[in-house]
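Structural overview for review
What follows is the residue order along each chain.
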Amino acid sequence: MGIGELDREAHVPEVTGAAAAPRTLAEALRARGDEGLAALLRARPDLLSPVPNDLTQLATRAGTRGSVVRALERLDRFALQTAEALAVAQDPAPYPVLLGLLTGDEGDPVIEAALPGAVALLREQALVWGEDDRLRLVRTARELLAPSAQHPSPTGLGPTVAEATSGMSPGRVQEIIAAAGLPGTHDAVSAVAALTELFTDRDRMGALLDTASPDALSVLDRLVWGPPYGEVTANPAPPVRWLRDRGLLLPVSPRTMVLPREVALHLRGGRAHRVPEPVAPVPGVLREYRPQVVDSAAAGQAQLALATVEELLKSWDRGGPPVLRAGGLSVRDLKRTAAALDVSEETAAFWLELCYGAGLLASDGEADERYAPTPAYDDWLDLPPAERWALLVTPWLTATRTPGLVGGQDTKGRTLSVLGPDLDRSPAPEVRHRVLGLLATLPPGSSVEPESLFARLRWERPLRGAAAGEEGGDLRSRLARWALAEAELLGLTGRGALSGPARALLNLPLAEAASAGALGGGVELSVAAGRAATLLAPLLPEAVDHVLLQADLTAVAPGPLRRPLADALAVLADVESKGGATVYRFTPGSVRRALDSGQTATDLHEFLKAHSRTPVPQPLAYLVDDVARRHGHLRVGAASAYVRCDDDTVLGEILADRRSSSLGLRRLAPTVLAAQTDPGSLLDGLRSMGYAPAAESTTGDVLITRADAYRTGARTAPVPVPDGPPAPDTTLLGAAVRAIRAGDRAATAVRKEPAAAPTAAGALPRTSAAETLATVQAAAMTGSAVWIGYVNAEGGASQRVIAPVRVEGGFVTAYDHTADEVRTYPLHRITGVAELADDQV
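Analysis parameters
Residues numbered from 1 in each chain as written. Predicted model: local features only at pLDDT ≥ 70, side-chain atom pairs only at ≥ 80, totals over all residues. Heavy atoms only, no water. Helix = DSSP H or I, 4+ residues; strand = E, 2+ residues; numbered from the N terminus. Expected span 1.5 Å × (residues − 1). Buried < 20%, exposed > 50% of the residue type's maximum accessible area, 1.4 Å probe, protein only. Polar contact = N/O pair within 3.5 Å; in protein donor to acceptor, adjacent residues only side chain to side chain. pLDDT = per-residue confidence, 0-100. Contact = heavy atoms within 4.5 Å. Pairing = 2+ DSSP bridges. Phe/Tyr/Trp six-rings, centres within 6.5 Å; stacked < 30°, edge-to-face > 60°. Lys NZ or Arg CZ within 6 Å of the ring centre and 35° of its normal.

Considering helix H6 (residues 77-88)
- Between its first and last C-alpha, H6 extends 17 Å over twelve residues, near the 16 Å set by a 1.5 Å rise per residue.
- With eleven of twelve residues buried, H6 lies mostly within the body of the structure.
- Buried within H6 we find Phe-78, Ala-79, Leu-80, Gln-81, Thr-82, Ala-83, Glu-84, Ala-85, Leu-86, Ala-87 and Val-88.
- With a side-chain oxygen lying 3.1 Å from the backbone nitrogen of Phe-78, the N-terminal cap of H6 falls on Asp-76.

Right, dumping it as structure tokens:
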């Protein structure tokens, strides 16, 4: 039994016995079982939109260029190399020929073991069809993968002898076969066949090359692995002339020669690829840690992520930076945000995009459009820390927006801005899931060697590397690099290793990960996120309700503060440093901010005494009293703006101060100054001069300002851009397969033709109303199926196979095999009816 027969028995279970070999792709699909059709539709969901009428339409759609390109992009490297080998082989190609193109003359047991799986995958996706003795690559795939001058093949092979000599004169072909030592022929076709036979005969070809000079062999060596084209002068060197005369190099233009495919394969030892890759690279382990160390590090990073998001959005509580006219945030505002968070601009872009993707940040939609927190942010703040973390990581997993692109350029040369358009990359969610899945295949506590991870991703999707032209290079590797960094920032990984909560998020075993499947494994992401949050909760530090006041006007929070205390302290003090313990600093400006919010000096003293485990230092008490004594001494209101003070000497000092010149002040009364600027600018100007003015209303009351006063309207999070049609679920697949089968039965059913009115082959017989009624009534009584022609209300004609159930009132109610449902048809719209042949019933 030959290799092809062994393989056919191993991986072609659907064609058995003495069944006739399929002549078309549609016949090959017709021979599949329902599971085989469902596997095709699952692997290529674009074929389902809309559901094909029958298997012929499915085969036609499976061979369209767009669908084939999408299918090829999702092949792994070895399956793609198998398809490329079929593209340079004869059509159809026996399995042993395909095996020889991949293993070469010496053979390779690893490739021999992997090839049946690759062929089965190509068959499943309808890129290859036919028995093992007649493997056929779908014509569109062959056109895409076959070598040509415009689109070189990854194999590095050139055209065949027949293709390269197609435009050559018969006399020149005869000269070549004579120089190669072959007898002359009567026509060019037989001459080309003789030359091809010579180049594919290993012994005769070896004898011919033994007569070549070392320089001629050197020329062949430079072309053998591609590219197969080379330029020559008008008067080539003797080695090139020797090769040209014998057809070992063939001209494609006056200055260009090509190495024929048959010659290259002989020189390569029969191999189509220089380095076949039948086995996927295995991600390597960089370092190993105890799982508890990894979980602890990841939990610390998760806590820092929550604090960073809260700090970012709290700084925009009164309204954030303006939205650019083209959308997004300006470079200057991104730099300011990075400085405020004490992170790099790239990291700041990630946090901004994360908040935007989670629906916590949006533009307000006003005429003077600005960014601000959404109402969802307030709901998010009220949740426990672990649940807040889950609401950040779940949208990150599915988001197509890619903050790593910020600062680059789009296809039109425009700079990509954070929160702006054109940041969506549809492969991003798949890459994130795959990166985490590959991390899960390592032993718990192991960090990955990045380059080995990127090599694995390139093997899995070799054609999807440079999916977006403006990035250049390997897009999937860049997405993977960003995914690793972002997973560490979010606390999904700790020290580069996957954490326990992240394994729960991926629905993987916590103690071991022998196999890392797709995200969720059929479990809803929200349920998996809830399990992950449950695992993370005990790892996070407990919130504390106290601080330690220091004599240097600072307060140390020994852990994350409870929500009311954190909010109040954020108003009263400024964050000086973050980490395991947060340090707050009290300044005149921060104390004034607390007084502006409506608190009194007494309130602040009681607050500090109630929440400090140490006595309130005297310098801090003096600072509060001093700022409170001066607070509100000056009053600023809206005239366009004015300054009011009971002490006219203070107003005189302000007028005499050179720093007040930009405010346009003039005295209206001994205790009132008018300004040529708005109240907000006047408040800021006076505060920069060292005063502590308070804003007042039109009634003279002090205005109380709150840090959380501004929110956008209700906003939904951005919707990810899908990477092609969504994967169909089991219910949809089952319904689609039934509909396609029914439509195919209707299209291929054999009908009984009426003896009295013969019609053209394949045409629907025209029957009278009486004949139609009698036939469908008889079918309803016997429970048999009939074939009808039907014209709908819009004038669209179709053919259907129906099983009539009831005929009354001018309508026939029947089970429609084509639509797989019970329908009612008006009898006057049925153009003709025929019984099915006995073997079709």
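Quick notes on the confidence of the model for the protein chain
- When pLDDT is averaged along the protein chain, the result is 85; 90% of the residues meet or exceed 70.
- Contacts of residues 1-18 to residues separated by more than four positions or lying in other chains number 27 contacts, the stretch itself having pLDDT below 50.
- Note that pLDDT drops below 50 for residues 510-523; the model gives that stretch 29 contacts with residues more than four away or on any other chain.

Quick look at the sheet that holds strand S15 (residues 582-585)
- Spatially, S12-S13-S15-S14 is the arrangement adopted by the four strands of the open sheet, whose pairing is antiparallel. Taken across any chain shown, the strands that pair with only one partner, and hence form the sheet edges, are strand S12 (548-549) and strand S14 (574-577).
- Two strands pair when backbone bridges link them, and strand S13 (residues 554-557) and S15 are joined in this way by four bridges, in the antiparallel orientation. Paired with Ala-557 across the strands is Thr-582, a residue of S15.

Re the packing of aromatic side chains
- Taken as a whole, this structure holds three aromatic pairs when the rule is applied.
- Consider the rings of Phe-350 and Trp-351, whose centres lie 5.0 Å apart with planes at 55 degrees: the pair is tilted. Here Phe-350 and Trp-351 have matching classes, each one buried.
- Ring geometry for Tyr-790 against Tyr-825: centres 4.9 Å apart, planes inclined by 70 degrees, an arrangement best described as edge-to-face. On the criterion of sequence distance, the pair formed by Tyr-790 in strand S21 (residues 786-791) and Tyr-825 in strand S24 (residues 821-826) is long-range, its members being 35 residues apart.
- The cationic tip of Arg-388 hangs over the ring face of Trp-380; the distance from NZ or CZ to the ring centre is 5.3 Å.

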